[in-house]
Amino acid sequence: MIASPDRTPLPRSFFDRPVLDVAPDLLGRILVRSTPDGPIALRLTEVEAYDGPNDPGSHAYRGQTARNSVMFGEPGHVYVYFTYGMWHCMNLVCGPVGRASAVLLRAGEIIEGAELARTRRLSARNDKELAKGPARLATALDVGRALDGTDACAEGETPLRVLAGTPVPSDQVCNGPRTGVAGEGGDGDVHPWRFWVANDPTVSPYRAHVPRRRRS
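Residues numbered from 1 in each chain as written. Predicted model: local features only at pLDDT ≥ 70, side-chain atom pairs only at ≥ 80, totals over all residues. Heavy atoms only, no water.

1. A word on the environment of Arg17
Link 1 in the chain: Tracing the backbone shows Arg17 in the loop between α1 (12-15) and α2 (19-25).
Link 2 in the chain: You can call Arg17 partly exposed: its relative accessible area is 26%.
Link 3 in the chain: Along the chain, Arg17 and Ala107 lie 90 residues apart, while their C-alpha atoms are 22 Å from each other.
Link 4 in the chain: Once residues lying within four places of it in the same chain are set aside, the contact partners of Arg17 are Val22, Asp25, Cys94 and Gly95.
Link 5 in the chain: Here Asp25 takes part through its side chain, which lies 3.0 Å from a polar atom of the side chain of Arg17. (Helix = DSSP H or I, 4+ residues; strand = E, 2+ residues; numbered from the N terminus. Buried < 20%, exposed > 50% of the residue type's maximum accessible area, 1.4 Å probe, protein only. Contact = heavy atoms within 4.5 Å. Polar contact = N/O pair within 3.5 Å; in protein donor to acceptor, adjacent residues only side chain to side chain.)

This is the structure:
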């Protein structure tokens, strides 16, 4: 008989560690989104680490701005950004205050509230695609900029919470270049900081960075 996943909320100390320790350790954990329409729970299957001042791919690489200010704050908070003029993506802040490292939540398996998630992801061909990619994950969970700065470790009610779940054994964790980040993949694979559960069907496909063409 398979044991039920641990529903204990992760403490702030879990996130107050180096981002490269936190990122793979998030696999198998459960993210719970509480909404007026009901809860949605998701088992994390793919993440990416971004290491602030040490990482040209990080939004915090060039310092603090109004957009990324949450990343410089307390670990365990949620950083939500808007991209390509249409999508939101969700991150969990890690490390000590001022470090500005975070983990992008790239994909997961909806384990509770699939009916509700389907109403937000009408284009999904099946449930495996409901949260297959960071923008799809945020859409399925109804996560937007209004949740930027949410404390996922707060006492009492909070719209986002991370539970202990069932950690993925290290021999089932894969890693490689991050998706769509300049200078990564092939010979430029200097930051293999994407982590995913081996052979999990909810993991998103890898896509290398494609430079934008300048208009002539």
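2. Topic: the nonpolar core
Link 1 in the chain: Ranked by internal contacts, the top residues of the largest apolar core, which has 43 residues, are Phe15, Leu26, Val103, Leu105, Ile110 and Leu141.
Link 2 in the chain: For Leu141, the contacting residues outside a window of four places in its chain are Leu31, Arg33, Ile40, Leu42, Ile110 and Arg120.
Link 3 in the chain: By size, the runner-up hydrophobic cluster in this structure holds 13 residues, among which are Met71, Val93, Ala100 and Ala102. (Core = buried A, V, L, I, M, F, W, Y, C linked by side-chain atoms within 4.5 Å.)

3. With respect to the side chain of Asn68
Link 1 in the chain: The residue Asn68 is located in the loop between β3 (38-51) and β4 (78-83) in this model.
Link 2 in the chain: Within the structure, Asn68 has its side chain in polar contact with the backbone oxygen of Gly63 (distance 3.0 Å).
Link 3 in the chain: Apart from residues no more than four positions distant in its own chain, Asn68 is found in contact with His59, Ala60, Gly63 and Tyr79.

4. With respect to the pattern of salt bridges
Between side chains of opposite charge, a pair can form as their charged atoms come close.
Link 1 in the chain: Taken as a whole and assessed by the stated rule, the structure comprises 18 salt bridges.
Link 2 in the chain: The shortest N-O distance in the salt bridge between Arg106 and Glu46 comes to 3.0 Å. Here Arg106 is found in strand β6 (residues 101-112), whereas its partner Glu46 is found in strand β3, with 60 residues between them in sequence. Neither Arg106 nor Glu46 differs from the other in exposure class; each is buried.
Link 3 in the chain: Shared partners join several salt bridges into a network, and the residues in it are Arg33, Asp37, Arg120 and Asp142. (Salt bridge = Lys/Arg side-chain N within 4 Å of Asp/Glu carboxyl O.)

5. Quick notes on a nonpolar patch on the surface
Link 1 in the chain: A contiguous nonpolar surface patch, about 390 Å² in accessible area, is contributed by Tyr84, Met86 and Trp87.
Link 2 in the chain: Note on placement: Tyr84 falls in the loop between β4 and β5 (87-94).
Link 3 in the chain: On the basis of relative accessibility, which here comes to 63%, the residue Tyr84 falls in the exposed class. (Patch = residues over 30% accessible without salt bridge, like charges linked within 9 Å, V, L, I, M, F, W, Y side chains within 5 Å. Areas by Shrake-Rupley, 256 points an atom, 1.4 Å probe, with all protein chains shown as cover.)

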